[in-house]
Amino acid sequence: SAVISQKPSRDICQRGTSLTIQCQVDSQVTMMFWYRQQPGQSLTLIATANQGSEATYESGFVIDKFPISRPNLTFSTLTVSNMSPEDSSIYLCSAPGDRDFLNEQFFGPGTRLTVL
Amino acid sequence: GESVGLHLPTLSVQEGDNSIINCAYSNSASDYFIWYKQESGKGPQFIIDIRSNMDKRQGQRVTVLLNKTVKHLSLQIAATQPGDSAVYFCAENSGTSYGKLTFGQGTILTVHP
């Protein structure tokens, strides 16, 4: 399995500001993933963070709103830009536990964001 | 922590009973499935997985059944305990996009002592 940590664990932010969430994995992985979990909802994939290339975004998510960095094989950041109350969610990162089997994904504890 | 289950189906059982949580998936190309457990204030925890070339897989107190004909997945928890109370999600991968998971809506399991 992979051990994944996230910072911050939670934050309360003002409308119009931006927040950068950090994700750290205890092993080197080629792909990391960012998900959003809106209140009372399931998880929705935002983007795939590839080391050495641009992130790949899912339908409905754009780079200007959710810029992602992937500076090395153990770390990624997701920024939620120009926040509005609709961005209040839990943001989660995931990574594979086995470099030979990418589909087995493990999750961090999440960042609980409240936008006022 | 906050509740993630305000809009999700619920299942209530007595401690010691067996629990069955169901999930329907839509993508017939999906070939890998995972069950996750999410406790309040935490991220999803990997429970058990199954590949599409199997129809049953057992773990410790849990069994996953896969019926590809009707695109149905179930998680059986034996001798359910209060610590099993959580939201349970199924997730699927189509195999063409490695690592990308599509999640089901989730089920809130409440175990009464």
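Keep in mind it's a predicted model, so treat the numbers as computed, not measured.

Novice: Whenever I open this one, the sheet that holds strand E7 (residues 72–77) of chain B confuses me. Can you help?
Specialist: In a beta sheet, neighbouring strands are held together by backbone hydrogen bonds and run either parallel or antiparallel to one another. Residues and elements named next belong to chain B. A sheet is described by the order of its strands in space; here four strands give the open sequence E2-E7-E6-E5, paired in antiparallel fashion. The two strands at the open ends of the sheet, each matched to only one other strand, are strand E2 (19–24) and strand E5 (56–58). Strand-to-strand, the axes of this sheet are offset by a mean angle of 15°, without reference to chain direction. By the bridge criterion, six bridges tie E2 to E7 in an arrangement that is antiparallel. Paired with isoleucine 21 across the two strands is leucine 75, which belongs to E7.

Novice: Which parts of the structure should I look at to understand the packing of aromatic side chains?
Specialist: Each pair of aromatic rings is reported with the distance of its centres and the angle of its planes. Here the structure, examined in full by the defined rule, presents 11 aromatic pairs over all chains. The interplanar angle of 50° and the centroid separation of 4.6 Å between the aromatic rings of B:Tyr25 and B:Phe33 together place this pair among those described as tilted. The residues B:Tyr25 and B:Phe33 share a single accessibility class, namely buried. Feature note: the residues A:Tyr35, A:Phe106, A:Phe107, B:Tyr36, B:Phe46, B:Phe89 and B:Phe103 constitute an aromatic cluster, connected by ring pairs.

Novice: Which parts of the structure should I look at to understand the state of the cysteines?
Specialist: By definition, a disulfide is the covalent link that joins the sulfur atoms of two cysteine residues. All names here are of chain A. If you walk through the whole model with that rule in mind, you get two disulfides over all chains. Two residues, cysteine 23 and cysteine 93, share a disulfide whose sulfurs are 1.9 Å apart. Disulfide cysteine 23-cysteine 93: the torsion about the S-S bond is 75°, which places it as right-handed. With cysteine 23 in strand E3 (residues 19–25) and cysteine 93 in strand E9 (residues 89–98), this residue pair connects regions lying 70 residues apart in the sequence. Under the relative-accessibility criterion, cysteine 23 is labelled buried at 0%. Residue classification places cysteine 93 among the buried positions, given a relative accessible area of 0%.

Definitions and cut-offs
- Residues numbered from 1 in each chain as written.
- Chains lettered and ligands numbered in written order.
- Predicted model: local features only at pLDDT ≥ 70, side-chain atom pairs only at ≥ 80, totals over all residues.
- Heavy atoms only, no water.
- Pairing = 2+ DSSP bridges.
- Helix = DSSP H or I, 4+ residues; strand = E, 2+ residues; numbered from the N terminus.
- Axes fitted to C-alpha atoms, helices over the stretch in contact; angles between N-to-C directions.
- Phe/Tyr/Trp six-rings, centres within 6.5 Å; stacked < 30°, edge-to-face > 60°.
- Buried < 20%, exposed > 50% of the residue type's maximum accessible area, 1.4 Å probe, protein only.
- Disulfide = S-S within 2.5 Å.

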